[in-house]
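# Coordinate analysis (summary)
Each chain is listed here by its residues.
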Amino acid sequence: MQADLSPVIAATAQWLTCSFPAPGGALAAALCEAQARQAVTVAARLRYPTEMDAALVGLAGPGGSGRLDWVTGADAEGSGEAWRTWVDEVVASWAVCLLADTELAALAVSALTEGPVAAEFRRLVAPDEADRRAAALLRHPDLVAPVAGLHRSGLLGRLDPDATLVT
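Residues numbered from 1 in each chain as written. Predicted model: local features only at pLDDT ≥ 70, side-chain atom pairs only at ≥ 80, totals over all residues. Heavy atoms only, no water.

## What about the environment of Ala54?
Rule in force here: Secondary structure elements follow DSSP: runs of H or I no shorter than four residues count as helices, runs of E no shorter than two count as strands, and numbering proceeds from the N terminus. Here's how the labels work: a residue is buried when its accessible area is under 20% of the maximum for its type, exposed when over 50%, partly exposed in between, all with a 1.4 Å probe on protein chains only.
Position of Ala54 among the secondary structure elements: in helix α3 (residues 51-60). Owing to a relative accessible area of 1%, Ala54 belongs among the buried residues under this scheme. The sequence separation of Ala54 and Ala44 amounts to 10 residues, and the corresponding C-alpha distance is 9.0 Å.

This is the structure:
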């Protein structure tokens, strides 16, 4: 199933790292990208849990980065880039929710994996100091709040379907 979601995961992670870049050099950029990719992978797997869901998003497309660019005030110059059409707004919103809250990230990862948190998502759920510095903008709750707020309630509903959501 991940292979079917790979364009969405790659484009959405790229959008996150372009919108909330790593302060520092190449190592910081790589660490930031790894964390973004882990968060987007978890969010995409939660959003599209079945092979049919993944096939439908592959067929219909995820919607693109237009609203996200508007919410973050991104420069419209890069909006013509083809990869932006594969950005999924909901997945991006859920991913920044996970990056800004490690407890929520651990809950999301445990919902996907049976048992303890998988080592493949360590940078997401248990970032060390280098990870935190590299993704300082991407993990800052106040900076990502406009994007996180778009679909946070949907993520919480997916993680706890029995909870009553208050609007």
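We are not done yet, so read on.
## A short note on the packing of aromatic side chains
The description of an aromatic ring pair uses the distance of the two centres, along with the angle that the planes make with each other. Put simply, the test is: Only the six-membered ring of Trp is used, alongside the rings of Phe and Tyr, when aromatic pairs are assigned; centres must lie within 6.5 Å, and planes under 30 degrees apart are stacked while those over 60 apart are edge-to-face, with the rest tilted.
Summed over all chains, the structure comprises one aromatic pair. With centroids separated by 6.3 Å and ring planes inclined at 80°, the aromatic side chains of Trp15 and Phe20 adopt a geometry described as edge-to-face. For the pair Trp15 and Phe20, a shared accessibility class is recorded, and that class is buried.

## Quick notes on the side chain of Thr12
Note the cut-off: What qualifies as a polar contact is a pair of N or O atoms within 3.5 Å, subject to a donor-acceptor requirement within protein and to the restriction that residues adjacent in sequence count only when both atoms come from side chains. Note on definitions: a residue-residue contact is assigned when non-hydrogen atoms from the two residues lie within 4.5 Å.
Mapped onto the elements, Thr12 comes out in helix α1 (residues 2-19). Taking the relative accessible area as the measure of exposure, Thr12 reaches 0% and is therefore buried. Only 2.7 Å separates the side chain of Thr12 from the backbone oxygen of Val8, close enough to count as a polar contact. In this view, Thr12 contacts Val40, Trp86, Val87, Asp88, Val91 and Ala92; residues no more than four positions away in its chain are not counted.

## A short note on the confidence of the model for the protein
Filter applied, for reference: Within a predicted model, pLDDT stands for the predictor's per-residue confidence, ranging from 0 to 100.
In this model, the protein carries an average pLDDT of 90, and 89% of its residues clear a pLDDT of 70 or more. By mean pLDDT, the top-scoring element of the protein is helix α5 (residues 89-100) (98), and the lowest-scoring one is α1 (91).

## Looking at the pattern of salt bridges
Stated formally: Counted as salt bridges are all cases of a side-chain nitrogen of Lys or Arg within 4 Å of a carboxyl oxygen of Asp or Glu.
One pass over the structure, following the stated rule, counts six salt bridges. Among the ionic pairs, Asp69 bridges to Arg84, the shortest N-O distance being 3.1 Å. A residue pair is termed long-range when its members are at least 10 positions apart, and Asp69 in helix α4 (residues 66-72) and Arg84 in the loop between α4 and α5 qualify at 15 residues. Classification of Arg84 by relative accessible area gives buried; the value is 10%. Its salt-bridge partner being Glu81, residue Arg84 comes within 3.3 Å of it at the nearest N-O pair. Linked through salt bridges whose partners overlap, the residues forming this network are Asp69, Glu81 and Arg84.

## Brief notes about the packing of α5 against helix α6 (residues 102-112)
Defined as follows: Only the contacting stretch of a helix is used when fitting its axis, a line to C-alpha atoms as for every element, and angles between N-to-C directions run 0 to 180 degrees. In this scheme, roughly parallel covers angles under 35 degrees and roughly antiparallel covers those over 145, while 65 to 115 is roughly perpendicular and the rest are oblique. Think of it as three bins: nonpolar holds Ala, Val, Leu, Ile, Met, Phe, Trp, Tyr, Cys and Pro, charged holds Asp, Glu, Lys and Arg, and polar takes everything else, Gly as well.
Here α5 crosses α6 at 120°, and the two axes come no closer than 5 Å. With respect to their mutual orientation, α5 and α6 come out oblique. Between α5, through Cys97, Leu98 and Ala100, and α6, the contact on the second element is made entirely by Thr102, Leu104, Ala105 and Ala108. Residues that form the contact of α5 with α6 fall into these classes: six nonpolar, one polar and no charged.

## A look at the packing of helix α2 (residues 26-47) against α5
Note the following rule: Helix crossings fall into two classes, left-handed where the near helix is turned counterclockwise from the far one by less than a right angle and right-handed where it is turned clockwise.
In contact at an axis separation of 8 Å, α2 and α5 are set at 120° when each is read in the N-to-C sense. With respect to α5, the axis of α2 lies oblique. Helix-helix and strand crossings are classified by hand; for α2 and α5 the assignment is right-handed. Packed against α2, whose contacting residues are Gln35, Ala36, Ala39, Val40, Val42, Ala43, Ala44, Leu46 and Arg47, the element α5 presents Val90, Val91, Trp94, Ala95, Leu98 and Leu99 at the interface. Of the residues that constitute the contact of α2 with α5, the class distribution is 13 nonpolar, one polar and one charged.

## Looking at helix α10 (residues 141-159)
Quick note on the threshold: Expected span of a helix: the number of residues minus one, times 1.5 Å. Here the bend at a residue is taken as the angle between two axes, fitted respectively to the seven residues that end there and the seven that start there.
The end-to-end C-alpha distance of α10, which contains 19 residues, comes to just 20 Å, noticeably less than the 27 Å that a straight helix rising 1.5 Å per residue would cover. Where α10 bends most, the angle comes to about 60°, and this point is Ala148. Three or more residues of α10 are buried, namely Val144, Val147, Ala148, His151, Leu155 and Leu159.

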